Amino acid sequence: MIYLFDAIRALNPLIVTLHGDVAYDANEQEVIYDKSAAEAKMVELQAAEAKAEQDAKDAKASALAKLTALGLTQAEVTALLG
């Protein structure tokens, strides 16, 4: 799951903590950030995460179909993939 803090850090890796809407660096100095840009980045990161999860599911389904097409039984496929 991607949170707003993840997006803020993606935009500015110097930010290490967030208290409410106030961001701080490692020296506990306040760091100004663009909340709108962070929210947009969060949406982007969430979409990328969802795509990666779907791609993994699709790859697994494709692998299962290919193994079945090669003549393996469902029990054999399960034994291979766990």
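Look a little higher up for the structure.
All of the points below concern the structure found in this document. Keep in mind that this is a model prediction, so the values were computed, not measured. (Residues numbered from 1 in each chain as written. Predicted model: local features only at pLDDT ≥ 70, side-chain atom pairs only at ≥ 80, totals over all residues. Heavy atoms only, no water.)

### As for the pattern of salt bridges
Any two side chains of opposite charge can pair, given that their charged atoms come close.
Working step 1: By the definition in use, this model includes 3 salt bridges.
Working step 2: Between glutamate 44 and lysine 41 there is a salt bridge whose closest N-O contact spans 3.2 Å. Taken as a pair, glutamate 44 and lysine 41 lie in helix H2 (residues 35-69) at a separation of 3 residues, close to a single helical turn.
Working step 3: The residue aspartate 55 makes a salt bridge to lysine 51 at a minimum N-O spacing of 2.8 Å. Remark: lysine 51 and aspartate 55 occur in helix H2; sequence separation between them is 4 residues, near one turn of the helix.
Working step 4: Exposure remark for aspartate 55: the relative accessible area of 38% places this residue in the partly exposed category. (Salt bridge = Lys/Arg side-chain N within 4 Å of Asp/Glu carboxyl O. Helix = DSSP H or I, 4+ residues; strand = E, 2+ residues; numbered from the N terminus. Buried < 20%, exposed > 50% of the residue type's maximum accessible area, 1.4 Å probe, protein only.)

### Examining the side chain of aspartate 25
Working step 1: Inspection of the secondary structure assignment puts aspartate 25 in the loop between strand S2 (22-24) and strand S3 (30-31).
Working step 2: No salt bridge is formed by the buried aspartate 25; the nearest opposite charge belongs to arginine 9, separated by 10 Å.
Working step 3: Only 2.9 Å separates the side chain of aspartate 25 from the backbone nitrogen of asparagine 27, close enough to count as a polar contact.
Working step 4: With residues up to four places along the chain from it excluded, the contact list for aspartate 25 reads Leu14, Val16 and Val31. (Lys, Arg positive; Asp, Glu negative; His and termini not counted. Polar contact = N/O pair within 3.5 Å; in protein donor to acceptor, adjacent residues only side chain to side chain. Contact = heavy atoms within 4.5 Å.)

### Notes on the sheet that holds strand S1 (residues 17-19)
Working step 1: Taken in spatial order, the 3 strands of this open sheet run S1-S2-S3, and their pairing is antiparallel. Each having just a single partner strand, S1 and S3 make up the two edges of the open sheet. (Pairing = 2+ DSSP bridges.)

### What to know about unusual backbone geometry
Working step 1: Of note, glutamate 28 is a non-glycine position whose phi angle comes to about 60 degrees, a positive value.
Working step 2: You can see glutamate 28 is positioned in the loop between S2 and S3.
Working step 3: Accessibility expressed as a relative area gives 67% for glutamate 28, which makes it exposed.

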